[in-house]
Amino acid sequence: MTGNSKLTAVLFFVFYFILTYFVFVHQNMIAMYMMAIGMLLEATINLWHIFTRK
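Residues numbered from 1 in each chain as written. Predicted model: local features only at pLDDT ≥ 70, side-chain atom pairs only at ≥ 80, totals over all residues. Heavy atoms only, no water.

Our next topic: helix α1 (residues 6–24). Under the 1.5 Å per step criterion, the end-to-end length of α1 is 27 Å for 19 residues, consistent within 8% with the ideal 27 Å. Along α1, the residues classified as buried are Thr 8, Phe 12 and Leu 19. End-on, the buried residues of α1 take up no more than an arc of 30 degrees, which puts them together on one face. Residues of α1 that are exposed and angled more than 90 degrees away from the buried face: Lys 6, Leu 7, Phe 13, Phe 17 and Phe 24. On its buried face, α1 sits against α2 (28–52). The positive-phi residue at the C-terminal boundary of α1 is His 26, with phi of around 60 degrees. (Helix = DSSP H or I, 4+ residues; strand = E, 2+ residues; numbered from the N terminus. Expected span 1.5 Å × (residues − 1). Buried < 20%, exposed > 50% of the residue type's maximum accessible area, 1.4 Å probe, protein only. Arc of directions from axis to C-beta. Contact = heavy atoms within 4.5 Å.)

Take a look at the structure:
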């Protein structure tokens, strides 16, 4: 959802593209850390937008 921001959507696209690269080169622990960070950031952004909307 990324709060309907184009910049945030592009940043997450790049972030997950890099994560996919790490998966394909068998750097699974780095990929798992990145996935956890990405999911937490997305959930935090969505929660922020839900509570700040009027």
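After that view of the structure, there is still more to cover.
Mapped onto the elements of the fold, Ile 45 is located in helix α2. In this structure, the C-alpha to C-alpha distance between Ile 45 and Thr 8, residues 37 residues apart in sequence, is 9.4 Å.

Turning our eyes to something else, we now look at the packing of aromatic side chains. Counted according to the given criterion, the structure contains four aromatic pairs. Between Phe 12 and Tyr 16 the ring centres are 6.1 Å apart and the planes differ by 25 degrees, which places this aromatic pair in the stacked class. Of this pair, Phe 12 and Tyr 16 both sit in helix α1, four residues apart, roughly one helical turn. Taking relative accessible area as the criterion, Tyr 16 reaches 24% and is therefore assigned partly exposed. Taken together through their ring pairs, the aromatic side chains of Phe 12, Phe 15 and Tyr 16 make up a single cluster. (Phe/Tyr/Trp six-rings, centres within 6.5 Å; stacked < 30°, edge-to-face > 60°.)

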